[in-house]
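Single-letter residue listing:
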Amino acid sequence: MTQQPAPLHLNTPLLRAAPGLFPQAEVWLKMDALQPSGSFKLRGVGRLVQQAAAEGAREIVCASGGNAGFAAAHAALALGLAVTIVLPESSSAAVAEKIAARGATVLRHGAMFDEANAFAQALAAERGARYVHPFDHPLLWAGHSTLIDEVQAEGLDFDAVITAVGGGGLFCGIVQGLQRHGLHHVPVIAVETLGADSLSQSLRAGQAITLPAITSVATSLGARRVADEALRLAQSHPTLSLTVTDAQATQACVRFADAMRVMVEPACGAALAALSVHAPALAGFKRPLVEVCGGIGVSLALLQAWA
Ligand SMILES: *Cc1c(COP(=O)(O)O)cnc(C)c1O
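Predicted model only: the values in this text are computed from it and were never measured.

Asks: Now, about the sheet that holds strand β10 (residues 288-291): what can you tell me, with residues and values included?
Replies: One open sheet holds the 6 strands; their spatial order is β1-β2-β10-β7-β8-β9, and the pairing between them is mixed. The open sheet terminates on both sides in strands that have one partner only, identified here as β1 (14-16) and β9 (239-244). Across this sheet, the average inter-strand angle for adjacent strands is 25°, counted without regard to direction. Where strand β2 (residues 28-30) lies against β10, 3 bridges are found, and the strand directions are parallel.

Printed below as a string of structure tokens:
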């Protein structure tokens, strides 16, 4: 077996939530908003880009709502690879600018992620570049799972993990991490915004559902269909699927910024909002861990508008 190179992501702080931020007395926060890529995505995307570099790739192509692209740009730059990010029209101009500022070529294609993704795959094939999927790859999940390794190494005795779900890559990584540490009994609270609730609808239907459209402001959760592995794990690992509204998610971002002095985007606000919105359903958990997934799609101006 070849040795893993040092990861590109940081071991992020594990903080106790400020008193009064949540109805629960003790909530722990895994602060992945503080990754150099602004979100957890560098954990998995960094792994994929490192593997591509080790196999001789010269160029990376990634389709993304924003944060996977930003992470891919960060990783590619660190390893000296060329990188092209394909964004759908639904991603903001500010996000496109932030990615371009990292030295990536930014292209726009399609109204939503699926079209951008198909275009990115074709482009990578045409150019002989390495295509990086933002949520559906086993090595990506292994990279994301390191967040659980870090929490375990700190010795925290948590009794649930609360996470936002888009395409389900983060969810797969969390479940993989829990199971690797023998925590098969620790449930994952999988939170989506209404309008981006592909996992919730799939679980209710008992099969993968493709949403006709994404209508939530939480564009980082905007996968019309989750990875098959995410649905499989949600049906086999103890999982509670919850939804919140866009307004609840953005409100949670404002409250979090005030209390913890860190800005996160609505995708992350969804997970934070669940603690208040679904407090009765979560009453059985005494020490929940929240994956503060972060996101670059936030600014002071946006927070002010949400407030
Ligand atoms: C990508 C992303 C998510 C969703 O992750 P998936 O692996 O697609 O489920 C949630 N929050 C933020 C900030 C993200 O960038």
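Asks: Go over the domain arrangement of the protein with me, naming the residues and quoting the values.
Replies: Each assigned domain of the protein is listed with its residue range as follows: domain 1 (14-40 + 138-306) and domain 2 (41-132). Computed from C-alpha atoms alone, the centre-to-centre distance between domain 1 and domain 2 is 23 Å. Together domain 1 and domain 2 conceal approximately 2,000 Å² of surface at their shared face, both sides included; 58% is due to carbon and sulfur atoms. Inspection of the region where domain 1 meets domain 2 yields 3 salt bridges. Between Arg 224 and Asp 114 there is a salt bridge, and its shortest N-O distance comes to 3.8 Å. In this assembly, domain 1 and domain 2 are joined by 12 residue pairs in polar contact (both at pLDDT 80 or more). For the side of domain 1 that touches domain 2, the secondary-structure elements that each account for two or more residues are α5 (138-144) and α6 (146-153).

Asks: Any chance you could break down the packing of helix α7 (residues 169-180) against helix α9 (residues 228-236) for me, citing the residues and the numbers?
Replies: Where α7 meets α9, the axes come as close as 9 Å, and the angle between the chain directions of the two elements is 45°. Of the possible angle classes, the one that applies to α7 and α9 is oblique. You can see that α7 and α9 cross each other, and the crossing is left-handed. In this structure, α7 contributes Phe 171, Cys 172 and Val 175 to the contact, and α9 contributes Glu 229, Ala 230, Leu 233 and Ala 234. Taken together, the residues of the contact of α7 with α9 sort by class into 6 nonpolar, no polar and 1 charged.

Asks: Quick one: what's the story with the pairing of strand β8 (residues 188-193), residue by residue and with numbers?
Replies: Within β8, 6 of the 6 residues are buried, which leaves the element mostly enclosed by the surrounding structure. On β8, burial covers both faces: Val 188, Ala 190 and Glu 192 on one face and Ile 189, Val 191 and Thr 193 on the other are all buried. Pairing of strand β7 (residues 160-164) with β8 involves 4 bridges; the strand directions are parallel. From the neighbouring strand, Ala 164 faces β8, where its bridge partner is Val 191. Of the strand pairs in this sheet, β8 and β9 are connected by 6 bridges, and their pairing is parallel.

Asks: Requested: an account of helix α1 (residues 42-54), with residues and values cited.
Replies: Every α-helical turn comprises 3.6 residues, leaving residues that sit three or four positions apart pointing alike. Taking 1.5 Å per residue as the helical rise, α1 with its 13 residues ought to reach 18 Å, and the 17 Å between its terminal C-alpha atoms agrees with that figure. Looking at α1, one finds that the buried residues are Leu 42, Arg 43, Gly 44, Val 45, Gly 46, Leu 48, Val 49, Gln 50 and Ala 52. Contact partners of the buried residues in α1: β2, β3 (59-63), α2 (67-79), β6 (130-132), α5 and α6. Count one or two residues on from α1 and you reach Gly 56, which has phi positive near 95°.

Asks: Can you explain the site of the ligand? Please cite residues and give values.
Replies: Not every one of the 17 residues close to the ligand is listed here, only the nearest: Lys 41, Asn 67, Gly 166, Gly 168 and Leu 170. Between the ligand and Gly 167 there is a distance of 2.8 Å, counted from an oxygen atom to a backbone nitrogen or oxygen. The backbone of Leu 170 places a nitrogen or oxygen atom 2.8 Å from an oxygen atom of the ligand. For the ligand, the protein covers 98% of the area, taking 380 Å² as the surface of the free molecule. A majority-of-atoms criterion places the ligand in the largest pocket. Across the shell around the ligand, the residue classes tally to 7 nonpolar, 8 polar and 2 charged.

Asks: Let's hear about the packing of aromatic side chains: which residues, and what values?
Replies: A complete count under the given rule lists 1 aromatic pair for this structure. Ring centres of Phe 113 and Phe 135 lie 5.7 Å apart, and the angle between their planes is 45°; this geometry places the pair in the tilted category. Here Phe 113, found in helix α4 (residues 113-127), pairs with Phe 135, found in the loop between β6 and α5; they are 22 residues apart in sequence, far enough to count as distant. By relative accessible area, Phe 135 is classed as buried at 13%.

Asks: Just give me the short version of the sheet that holds strand β4 (residues 82-87), but keep the residues and values in it.
Replies: On the basis of which strands lie adjacent, the open sheet formed by 4 strands has the order β5-β4-β3-β6 and parallel pairing. The strands lining the two open edges of the sheet, one partner per strand, are β5 (105-108) and β6. Ignoring which end each strand starts from, the neighbouring axes of this sheet average 25° apart. Across 3 bridges, β3 lies against β6 in parallel orientation. Within β6, the residue paired with Val 61 across the bridge is Tyr 131. Contacts between helix α3 (residues 93-101) and the sheet are confined to β4 and β5, with β5 contributing the most and set at about 150° to the helix. Along the sheet, α4 makes contact with β3, β4, β5 and β6, crossing β3 at roughly 165°.

Definitions and limits used
Residues numbered from 1 in each chain as written. Predicted model: local features only at pLDDT ≥ 70, side-chain atom pairs only at ≥ 80, totals over all residues. Heavy atoms only, no water. Pairing = 2+ DSSP bridges. Helix = DSSP H or I, 4+ residues; strand = E, 2+ residues; numbered from the N terminus. Axes fitted to C-alpha atoms, helices over the stretch in contact; angles between N-to-C directions. Domains from an automatic or database assignment. Buried area = accessible area lost by both parts, 1.4 Å probe. Salt bridge = Lys/Arg side-chain N within 4 Å of Asp/Glu carboxyl O. Polar contact = N/O pair within 3.5 Å; in protein donor to acceptor, adjacent residues only side chain to side chain. Parallel < 35°, antiparallel > 145°, perpendicular 65-115°, else oblique. Left-handed = near helix turned anticlockwise from the far one by under 90°. Contact = heavy atoms within 4.5 Å. Nonpolar A, V, L, I, M, F, W, Y, C, P; charged D, E, K, R; others polar. Buried < 20%, exposed > 50% of the residue type's maximum accessible area, 1.4 Å probe, protein only. Expected span 1.5 Å × (residues − 1). Near = heavy atom within 4 Å. Areas by Shrake-Rupley, 256 points an atom, 1.4 Å probe, with all protein chains shown as cover. 1 Å grid on protein atoms, 1.4 Å probe; cavity = no way out; pocket = protein on both sides within 12 Å on 5 of 7 lines; lining within 4 Å. Sits in = over half its atoms within 2 Å of the grid points. Phe/Tyr/Trp six-rings, centres within 6.5 Å; stacked < 30°, edge-to-face > 60°.

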